[in-house]
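Here are the chains, one letter per residue:
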Amino acid sequence: MGLRLLGCLFNLPTAVIYGSLSLFVSILHNVFLLYYVDTFVSVYKIDKLSFWIGETVFLIWNSLNDPLFGWLSDRVFLSTQQSGVEISSPEVILKRLKALSRNGPLFAISFLAFWVSWAHPGLQFLLCLCLYDSFLTVVDLNHNALLADLAVSAKDRTSLNFYCSLFSAIGSLSVFMSYAVWNKEDFFSFRIFCVVLALCSVAGFTLATWLLRQRFETEVKVKWDQESTLKELYIEQPSAPLEKRITLGEYLKQLSRHRNFLWFVCMNLVQVFHCHFNSNFFPLFLEHLLSDRISLSTGSFLLGISYIAPHLNNLYFLSLCQRWGVYAVVRGLFFLKLALSIIMLLAGADQVHLLCIFIASNRVFTEGTCKLLNLVVTDLVDEDFVLNRRKQAASALLFGMVALVTKPGQTFAPLIGTWLLCTYTGYDIFQRAPLSNVVSAQPKLASHGAWEPTLRQGCFYLLVFIPITCALLQLLSWSQFSLHGRRLQTVKSQRQSLTQSQSQEIKMI
């Protein structure tokens, strides 16, 4: 029985094993996003000053660690022949898999550090956030880089992304299961639940990376055997000329001339802002726009579906990408976001059913767009490879540079949102008592009557005008992006012709 199971695992397609890595990240990360703030504020009683110091340091580290880890990972690939030894694609893939096999389990262990009080709340908050984000960044960078390294053709990359979305959707079920054990007064059951999730993640990372390494170690071994045979036969291999190592400053100068990269990060900065705006203000919109008009179960359903639906919806978007291309699908989603927001603005805040659909669909479509953009970054990796005549694509480094420019959107979202809300309504979320229940169906207290109507109107305008503004800015920048159609096909054919001399296209996608 055990041998049969092992045989089945060995016969799984590469795309399925690669996609399963998303499962072992999402089962932890979704729980982290949902509960870490509530845990430190409501359970550990962190003070406001310590909370904001922690968030500020986290913002700086979160923005810098992507390009830092990307540079440390890929700087050798920018000029691979400086030592006279060529690095082949299987060796690059093996390097990334080894990084995942080491850092994946460490990521799961860092997740556990949030749920046990082991230091002063302010210090623990700062250390846990930075440690968790460091391992998450290394895992994400290497996982995303594999998307560009494992395949060049759009069809194969879409297949890889399809399984990532499928397993991410399965991983989102941990959010639903967490409701059964979450209790601020009795934290024991939730801690056990988190330990079980972390153990599953450790086992999954270990097994998946081991299976993938077995496939590519065979290719590398064949290459080494060939070189060894040539040496034994006294056949001298042609030596490649030594190349100068590219410095970080030279690499940044190359990126500054990469026109499509610049337009993409402009668009993606707005996208990251909108994604996190929806995440940050989703509970507030439920509380002040719908809580007295929908049941508790309906509110919980909207909250839960907003986590799992983007992954399921992405499966459909990926099928559209295969037919129409990523550029056209992303542009269509921007137009859809603009149209739905205008319709909601014209309908008004009193259309409860339409409001429920809009709040949920706004988050679902926005998150779905974010998940398609990794495919665009892999195309930018190809273009960077061709434009700068690299010997090996610096995939993780380019993903890191994209994150450097776009991650500030995570911080701008709550800052701009709370500032607009305070400016328009006078409502300061830090000066009032915390909301008692995100999806409570109870009517508001009479003492709130002085500010509730204005706050409700302010939430509605925030809900519709932010997507309208984001959509217009994104359509403007996306119209300048030229890496699609014939241009994209030319870049891909040039990269494939350059890499065919090193190795074959990825096996068993």
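Residues numbered from 1 in each chain as written. Predicted model: local features only at pLDDT ≥ 70, side-chain atom pairs only at ≥ 80, totals over all residues. Heavy atoms only, no water.

- Labelled according to an unreviewed UniProt entry, the protein appears under the name Major facilitator superfamily domain containing 13A, originating from Chrysemys picta bellii.
- UniProt lists a comment for the protein under the heading Subcellular location (unreviewed entry), and it reads "Membrane". (UniProt positions renumbered as here; feature names shortened; annotations may be inferred.)

## Some points on the overall build of the protein
Phase 1: Of regular secondary structure, the protein possesses 17 helices and 0 strands.
Phase 2: Of the contacts made within the protein by residues no fewer than 6 positions apart, 88% connect residues no fewer than 24 positions apart.
Phase 3: For the protein, the exposed area adds up to about 23500 Å²; of that, 65% sits on carbon and sulfur atoms. (Helix = DSSP H or I, 4+ residues; strand = E, 2+ residues; numbered from the N terminus. Contact = heavy atoms within 4.5 Å. Areas by Shrake-Rupley, 256 points an atom, 1.4 Å probe, with all protein chains shown as cover.)

## Points about the packing of aromatic side chains
Phase 1: Within this structure, the stated rule accounts for 38 aromatic pairs.
Phase 2: Measuring from ring centre to ring centre gives 5.1 Å for Tyr35 and Phe190, while their planes differ by 70 degrees; the resulting arrangement is edge-to-face. Within this pair, whereas Tyr35 is found in helix 2 (residues 14-43), its partner Phe190 is found in helix 8 (residues 188-232), the two being separated by 155 residues in sequence.
Phase 3: Seen from the ring of Phe385, Arg495 lies directly overhead, with NZ or CZ sitting 5.2 Å from the centre. (Phe/Tyr/Trp six-rings, centres within 6.5 Å; stacked < 30°, edge-to-face > 60°. Lys NZ or Arg CZ within 6 Å of the ring centre and 35° of its normal.)

## Describing a positive patch on the surface
Phase 1: A cluster of like positive charges, contributed by Arg75, Lys95, Lys98 and Arg102, occupies part of the molecular surface.
Phase 2: Position of Arg102 relative to the elements: it lies in helix 4 (residues 89-112). (Patch = residues over 30% accessible without salt bridge, like charges linked within 9 Å, V, L, I, M, F, W, Y side chains within 5 Å. Salt bridge = Lys/Arg side-chain N within 4 Å of Asp/Glu carboxyl O. Lys, Arg positive; Asp, Glu negative; His and termini not counted. Charge placed at Lys NZ, Arg CZ, Asp CG, Glu CD.)

## As for the confidence of the model for the protein
Phase 1: The share of residues in the protein with pLDDT of 70 or more is 83%, and the mean pLDDT across the chain is 82.
Phase 2: Within the protein, helix 12 (residues 326-347) carries the highest mean pLDDT (94), whereas helix 1 (residues 2-10) carries the lowest (67).
Phase 3: Note that pLDDT drops below 50 for residues 80-85; the model gives that stretch 17 contacts with residues more than four away or on any other chain.
Phase 4: Taken as a whole, residues 502-508 scores under 50 in pLDDT and shows 27 contacts with residues more than four places along the chain or in a different chain. (pLDDT = per-residue confidence, 0-100.)

## Overview of helix 10 (residues 259-290)
Phase 1: The end-to-end C-alpha distance of helix 10 is 44 Å, a good match for the 46 Å that 32 residues give at a rise of 1.5 Å each.
Phase 2: Maximal helix bending in helix 10 amounts to about 50 degrees, located at Phe281; proline Pro283 follows within four positions.
Phase 3: Of all 32 residues in helix 10, 23 are buried, a share of seventy percent or more. (Expected span 1.5 Å × (residues − 1). Bend = angle between axes of the 7 residues up to and from the residue. Buried < 20%, exposed > 50% of the residue type's maximum accessible area, 1.4 Å probe, protein only.)

## Details of the nonpolar core
Phase 1: Ranked by size, the top nonpolar core spans 101 residues in total, and within it Phe107, Phe114, Trp115, Phe264 and Trp478 carry the most contacts.
Phase 2: Phe107 has contacts with Phe24, Val25, Leu28, Tyr132, Phe135, Leu136, Val139 and Phe205, leaving out every residue within four places of it along the chain.
Phase 3: Among the nonpolar cores identified, the runner-up in size contains 32 residues, and Phe282, Phe460, Leu462 and Ile466 belong to it. (Core = buried A, V, L, I, M, F, W, Y, C linked by side-chain atoms within 4.5 Å.)

## Quick word on the pattern of salt bridges
Phase 1: The full count for this structure, using the stated rule, is 13 salt bridges.
Phase 2: Across the salt bridge formed by Arg157 and Asp379, the nearest N and O atoms sit 3.5 Å from each other. One end of the pair, Arg157, is in helix 6 (residues 154-171); the other, Asp379, is in helix 13 (residues 352-387), with 222 residues separating them in the sequence.
Phase 3: Residue classification places Arg157 among the buried residues on the basis of a relative accessible area of 1%.

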